[in-house]
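As a plain string of letters, each chain reads:
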Amino acid sequence: MVVMTRTQWMLTALVVAIMLAMPLLLPDFWLSGILGRALVYGIVALSLTFLATYGGFISLAQTMLAGVAGYTVAILAPTAIPAGSNSVSYWLAMPLAIVAATIAGGVIGLIAVRTRDIYLLMITLALAVGFSLFAQSNIDWFNGYEGIRNIVGPEIFSLPFRTHLVFYYVSLIVAALLYLLVLYVVRTPFGLTLQGIRDNPRRVAALGFNVALHRIAAFAIAGFIAGCGGVLITFYNIGITPSSIGMTATVNVLVMSVIGGLGHPVGAFVGAIIFTLIDTFAATIYDRDRFNTLIGLVFLVIVVASPDGVLGIGKRLFGARKSKAKEGQAALH
């Protein structure tokens, strides 16, 4: 269970304050192209981290759930190209898209509820790839390989959603709220039961809890989180295509989660920022065509050095420093 200490809450508040002040310090490219992008993809990675850390199962269908939300908002968007016959305002399309992703998450949970480990990975991967191929072959709803374009998002305070400042602040607020939601959920009776199921499902079932129902609900919550990220990603990309939710995107989200660390929800955003920086500056660091090699090397180094990601490295460094401080105090006494 995650129990935030007073120091951790203060650190979290400090990070949020710094993020809020970023528009005063950084150019527009960094706001939307680096930080904003990392936040929206970090939200999808957060949904995976939630399932892995507190449910004990890693789902490779989170990009699919983001895609369900993305395609839903694109199909219903009033500015979509090609135009849909059932277009509504963005303010109605967005909640409908998130509801669709939440339901899809519950359905995936229902399908995968009795599987664990490699079998869960294979089932969720098959669902993700199947949805991507279905979107690619369907012309009537998804416009096939070309996808749906010109999904620019609603205006906020008379400003286009794609304005750097608007996109950044909306992404930051949504990411912060979902992060706090995860921290809250895992401390509720539902979250505690879910963690008990992760550790010993038979014992929890013997206590009278419905293990299957809790797992399905966890997938639905993860679908809600991924759906929020999927809507924002669609606005960021000004559209959605089958390739944006395909195998590469699925693996990228997994890499973000593992690099950051699956031990705490904040790891999703740490991994997303590292991944985005490498992706953006790969051409400068090494070679743009060798991005997969570069991110693979970074992934390998971090995992070998710390199986629990960058957060694990930070915890060990902080723990070692704390131990030395205690030893120094003991020596003085």
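In this report, we go over the structure that sits alongside the text.

What counts, and at which threshold
- Residues numbered from 1 in each chain as written.
- Predicted model: local features only at pLDDT ≥ 70, side-chain atom pairs only at ≥ 80, totals over all residues.
- Heavy atoms only, no water.
- Helix = DSSP H or I, 4+ residues; strand = E, 2+ residues; numbered from the N terminus.
- Expected span 1.5 Å × (residues − 1).
- Buried < 20%, exposed > 50% of the residue type's maximum accessible area, 1.4 Å probe, protein only.
- 1 Å grid on protein atoms, 1.4 Å probe; cavity = no way out; pocket = protein on both sides within 12 Å on 5 of 7 lines; lining within 4 Å.
- Points joined across faces, edges and corners; volume = space filled by probe spheres on them.
- Nonpolar A, V, L, I, M, F, W, Y, C, P; charged D, E, K, R; others polar.
- Axes fitted to C-alpha atoms, helices over the stretch in contact; angles between N-to-C directions.
- Parallel < 35°, antiparallel > 145°, perpendicular 65-115°, else oblique.
- Contact = heavy atoms within 4.5 Å.

Time to look at helix α6 (residues 164-185). For α6, with 22 residues, the first-to-last C-alpha span of 31 Å sits near the 32 Å given by 1.5 Å per residue. Those residues of α6 that fall on the buried side of the exposure criterion are V166, F167, Y168, V170, S171, L172, A175, L178, Y179, V182, L183 and V185.

Looking now at the layout of surface pockets. Reported here for the second largest pocket is a volume of approximately 400 Å³. For the second largest pocket, the lining is made up of 26 residues, of which Y41, S244, T248, A249 and N252 are closest to its centre. When residues of the lining of the second largest pocket are traced back to their parent elements, those giving at least two are α2 (28-55), α3 (62-76), α9 (211-237), β4 (239-240), α10 (247-260), α11 (266-285) and α12 (291-305). For the lining of the second largest pocket, the leading source of residues is α10, giving 5 residues. Residue classes in the lining of the second largest pocket are distributed as 11 nonpolar, 12 polar and 3 charged.

Residue P82 follows I81 across a cis peptide bond; omega there is 0°. Structurally, P82 can be placed in the loop between α3 and α4 (90-112). Positioned with a positive phi, S158 is a non-glycine residue whose angle comes to about 65°. Along the chain, S158 turns up in the loop between β2 (155-156) and β3 (159-160).

Relative placement of two packed helices is described by the angle separating their axes and the distance separating the axes. Orientation of α6 relative to α9, taken along the N-to-C sense of each, is 170°, at an axis distance of 11 Å. Compared by their axis directions, α6 and α9 come out roughly antiparallel. Where α6 approaches α9, its residues F167, V170, S171, V174, L178, L181, V182 and V185 are matched on the opposing element by I221, F224, I225, C228, L232 and Y236. When the residues that make up the contact of α6 with α9 are grouped by side-chain class, the tally is 13 nonpolar, 1 polar and no charged.

From the geometry alone we can't say anything about function, so treat these as descriptive.
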